[in-house]
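Topology and contacts: notes
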There are 2 protein chains.
Amino acid sequence: MRFMTTSDKPENTATGIAAQDWATASADPQYRAAVVDLLGALAYGELAAFERLAEDAKLAPTLEDKAELAKMASAEFHHFERLRDRLTEIGEEPTGAMDPFVAALDGFHRQTAPSDWLEGLVKAYVGDSIASDFYREVAARLDGDTRALVLAVLDDTGHAGFAVDRVRAAIDAEPRVGGRLALWARRLMGEALSQSQRVVADRDALSTMLVGGVADGFDLAEVGRMFSRITEAHTKRMAALGLAA
Amino acid sequence: MRFMTTSDKPENTATGIAAQDWATASADPQYRAAVVDLLGALAYGELAAFERLAEDAKLAPTLEDKAELAKMASAEFHHFERLRDRLTEIGEEPTGAMDPFVAALDGFHRQTAPSDWLEGLVKAYVGDSIASDFYREVAARLDGDTRALVLAVLDDTGHAGFAVDRVRAAIDAEPRVGGRLALWARRLMGEALSQSQRVVADRDALSTMLVGGVADGFDLAEVGRMFSRITEAHTKRMAALGLAA
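Residues numbered from 1 in each chain as written. Chains lettered and ligands numbered in written order. Predicted model: local features only at pLDDT ≥ 70, side-chain atom pairs only at ≥ 80, totals over all residues. Heavy atoms only, no water.

**A few points about the packing of aromatic side chains**
Scanning all chains against the criterion turns up seven aromatic pairs over all chains. On the numbers, 6.2 Å between centres and 50° between planes, the contact of Trp22(A) with Tyr31(A) is tilted. Looking at Tyr31(A), the relative accessible area reads 1%, which means it is buried. What links up through ring pairs into an aromatic cluster is the set Phe50(A), Phe77(A), Phe80(A), Phe50(B), Phe77(B) and Phe80(B). (Phe/Tyr/Trp six-rings, centres within 6.5 Å; stacked < 30°, edge-to-face > 60°. Buried < 20%, exposed > 50% of the residue type's maximum accessible area, 1.4 Å probe, protein only.)

Printed below as a string of structure tokens:
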């Protein structure tokens, strides 16, 4: 079943967890494992994002543009630090928690290395937006302490605004650029989804938490609905950017 | 002549400048030009260092090591931000101030791309140390406001301590690694000096300030002595690290 309905296990419903602090919530080993997975995945995600943004900054046509992407990279690094420090704080070895997610995230970045500056910008913007959506989705399912951390990191995202201006200007200047970038944005989303499915299939505790509770066998359909919501938000953003996906 | 000796121009001696604030000191257009050059060179130096450290972080054998180098990179980015913001504050266009130094700094990094993690570590440490020495040398020749900025940035360097531990451990484990890294450190210093000489030859106002005062024709020998001091400090550090240069 998907949600706990019996009143004798209120701590297992999403509402129950949200009302608890970490000390109480983490007494459930499955919840604890899920949060360790989540923090590990987010931490490595931020570290990998740092690395790729710094790499993509090389494609910048001007020093000003380079500095903007470098600023995003540096922000991602600070997110990484907070997530890693939290893992240490709860007695987990950060590297051990990140390891299970290295292959999926590296795979994503390997498959989506931008071939020019505009692709790099679209990737920075799409990555930032999907990450925000995911942080927001997951925050509601967390205990108060972990939620506060996730929301604090989320609060510091959104450095990709400059990317929107640049992409818009490029499409205005040469409309057929839009078609190419629309395909690129679609590929980014497709690759993100396929790597996420891989993680979902591998990490039971994390996936179960993502569907809204620690349950005896989680519902893949609910994970699918979460991915759908994120994909829809992505599609709307791309359309607003002039990239009909 | 090298130092102003006439008492009617005290603002032109190093002591005179050091006792002044930016508003007073910058009334001298040659001093102003020198500081704009200096801030431009340092700003681009930090931005390039960010980029290369982030790149070299890829060579890290573990996630922990990667995070350490990424941390240095992120610190360099914040130095860049302070220097760039200062240029804006004094009414200069940062890109214009940085442009004259792009070729030399890119040249340095192109000639010294590490071929493995240990070379990357030695480069991070050597770069950090030379930068500190240079910041310290130059601080004494600056007006109070500019000096405060340079010292604040200097204060936040020294993130390369972990590199020393790692390099030492690698040499202990396999002593002949030391010979290869000693050659590498020598090449780094040689390349740094040759690019610096290029800058000195191109940028009169900056060079003149570096020798201790705004003078009518600067003394290359004094610049040479400054480079010698930095080289000696480098040699001592390398010896302490087990890398007899």
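**As for the layout of surface pockets**
Reported here for the largest pocket is a volume of approximately 180 Å³. Contributing to the lining of the largest pocket are 14 residues, with Phe80(A), Arg84(A), Glu64(B), Ala67(B) and Glu68(B) lying nearest its centre. Empty space within the second largest pocket amounts to approximately 160 Å³. Taken together, Leu63(A), Glu64(A), Ala67(A), Glu68(A), Lys71(A), Phe80(B), Arg84(B), Glu93(B), Pro94(B), Thr95(B) and Met98(B) make up the lining of the second largest pocket. Secondary-structure elements contributing two or more residues to the lining of the second largest pocket are helix 4 (63–89) of chain A together with helix 4 (63–89) and helix 5 (94–98) of chain B. Considering every element that reaches the lining of the second largest pocket, the biggest residue donor is helix 4 of chain A, with five residues. (1 Å grid on protein atoms, 1.4 Å probe; cavity = no way out; pocket = protein on both sides within 12 Å on 5 of 7 lines; lining within 4 Å. Points joined across faces, edges and corners; volume = space filled by probe spheres on them. Helix = DSSP H or I, 4+ residues; strand = E, 2+ residues; numbered from the N terminus.)

**A short note on the relation of the copies chain B and chain A**
The operation relating chain B to chain A is a screw motion whose rotation component is 180°, with 0.0 Å of axial translation and a residual RMSD of 0.0 Å. Considering both components of the superposition, the chain copies are consistent with a two-fold axis. No C-alpha of chain B lies nearer the rotation axis than that of Ser74(B), which sits 2.6 Å from it. A share of 100% of interface residues in chain B that are also interface residues in chain A marks the association as one of identical surfaces. (Least-squares fit on C-alpha atoms with pLDDT ≥ 70 in both. Contact = heavy atoms within 4.5 Å.)

**Some words on the pattern of salt bridges**
Residue and element names in this part refer to chain B. For the structure shown, the criterion picks out 30 salt bridges over all chains. The salt bridge involving Asp 85 is made with Arg 84; its shortest N-O contact spans 3.3 Å. For the salt bridge of Asp 133 with Arg 136, the shortest nitrogen-to-oxygen distance reads 3.6 Å. Placement of the pair is Asp 133 and Arg 136 together in helix 7 (residues 117–139), with a separation of three residues, close to one helical turn. (Salt bridge = Lys/Arg side-chain N within 4 Å of Asp/Glu carboxyl O.)

**A short note on helix 7 (residues 144–155) of chain A**
Residues and elements named next belong to chain A. In this model, helix 7 (12 residues) spans 16 Å end to end at C-alpha, consistent with the 16 Å of a helix rising 1.5 Å per residue. All buried positions along helix 7 are accounted for by Thr 146, Leu 149, Val 150, Val 153 and Leu 154. Buried residues in helix 7, looked at end-on, bunch into an arc of 135°, giving them a common side. (Expected span 1.5 Å × (residues − 1). Arc of directions from axis to C-beta.)

**Notes on the packing of helix 6 (residues 117–139) of chain A against helix 9 (residues 176–202) of chain A**
Residue and element names in this part refer to chain A. Relative orientation of the contacting elements helix 6 and helix 9 amounts to 40°, with a least axis distance of 10 Å. In this view, helix 6 runs oblique relative to helix 9, as classed from their interaxial angle. Our pair here, helix 6 against helix 9, has a crossing hand that is right-handed. Contact with helix 6, carried on its side by Leu 118, Glu 119, Val 122, Lys 123, Val 126 and Ile 130, involves Val 177, Arg 180, Leu 181, Trp 184, Ala 185, Leu 188, Met 189 and Ala 192 of helix 9 and no other residues of that element. Broken down by class, the residue content of the contact of helix 6 with helix 9 amounts to 11 nonpolar, no polar and three charged. (Axes fitted to C-alpha atoms, helices over the stretch in contact; angles between N-to-C directions. Parallel < 35°, antiparallel > 145°, perpendicular 65-115°, else oblique. Left-handed = near helix turned anticlockwise from the far one by under 90°. Nonpolar A, V, L, I, M, F, W, Y, C, P; charged D, E, K, R; others polar.)

**Things to note about the interface of chain B and chain A**
Accessible area lost upon the coming together of the parts serves often as the stated size of an interface. Counting from both sides, the interface comprises 25 residues of chain B and, opposite them, 25 residues of chain A. Its largest share of buried area at the contact with chain A, chain B owes to Phe50(B), Glu51(B) and Leu63(B), together 29% of the area lost on that side. Taken together, chain B and chain A are joined by four salt bridges. Here Lys58(B) ties to Glu55(A) by a salt bridge, and the two come within 2.2 Å at their closest N and O atoms. Seen at the junction of chain B and chain A, the total is 10 residue pairs in polar contact (both at pLDDT 80 or more). Of all the secondary-structure elements, those providing two or more residues to the side of chain B that touches chain A are helix 3 (29–56), helix 4 and helix 5 of chain B. If one sorts the elements of the side of chain B that touches chain A by residue count, helix 4 of chain B sits on top with 13 residues. (Buried area = accessible area lost by both parts, 1.4 Å probe. Polar contact = N/O pair within 3.5 Å; in protein donor to acceptor, adjacent residues only side chain to side chain.)

**A word on the nonpolar core**
Counting residues in hydrophobic clusters, the biggest one holds 163 residues, and the most contacted among them are Val122(A), Met209(A), Val122(B) and Met209(B). For Val122(A), the residues in contact, after removing those within four places along its chain, are Val167(A), Leu181(A), Trp184(A), Ala185(A), Leu188(A) and Leu243(A). (Core = buried A, V, L, I, M, F, W, Y, C linked by side-chain atoms within 4.5 Å.)

**Quick notes on the environment of Asp155(A)**
Residue and element names in this part refer to chain A. In this structure, Asp 155 sits in helix 7. The exposure class of Asp 155 is exposed, given its relative accessible area of 68%. As a C-alpha pair, Asp 155 and Val 138 span 17 residues in sequence and 14 Å in three-dimensional space.

**So, the confidence of the model for chain A**
All names here are of chain A. Confidence in the prediction for chain A averages 86 pLDDT; 89% of positions are at 70 or higher. Model confidence for chain A, summarised as mean pLDDT per element, is weakest for helix 1 (residues 14–18) at 70 and strongest for helix 4 at 96. A low-confidence stretch, residues 1–14 (pLDDT under 50), is modelled with 22 contacts involving residues beyond four sequence positions or located in other chains. Of the regions scoring below 50 in pLDDT, residues 214–218 engages in 18 contacts with residues more than four places distant in sequence or in other chains. The complex model carries a pTM of 0.83, and its ipTM stands at 0.77. (pLDDT = per-residue confidence, 0-100.)

**A word on the environment of Leu87(B)**
Residues and elements named next belong to chain B. With respect to the helices and strands, the residue Leu 87 is situated in helix 4. Judged by relative accessible area, Leu 87 falls into the buried class, the value being 0%. In the structure, Leu 87 is positioned 11 residues away from Met 98 in sequence and 9.9 Å away in space, judged by C-alpha atoms. If sequence neighbours within four positions are ignored, Leu 87 has contacts with Val 36, Leu 39, Gly 40, Glu 92, Pro 94 and Ala 97.

**Overview of the side chain of Asp65(B)**
Residues and elements named next belong to chain B. When you line up the elements, Asp 65 lands in helix 4. Among the residues examined, Asp 65 registers a relative accessible area of 6% and is labelled buried. Discounting residues that sit within four places of it in the chain, Asp 65 has contacts with Ala 60, Trp 117 and Arg 166.

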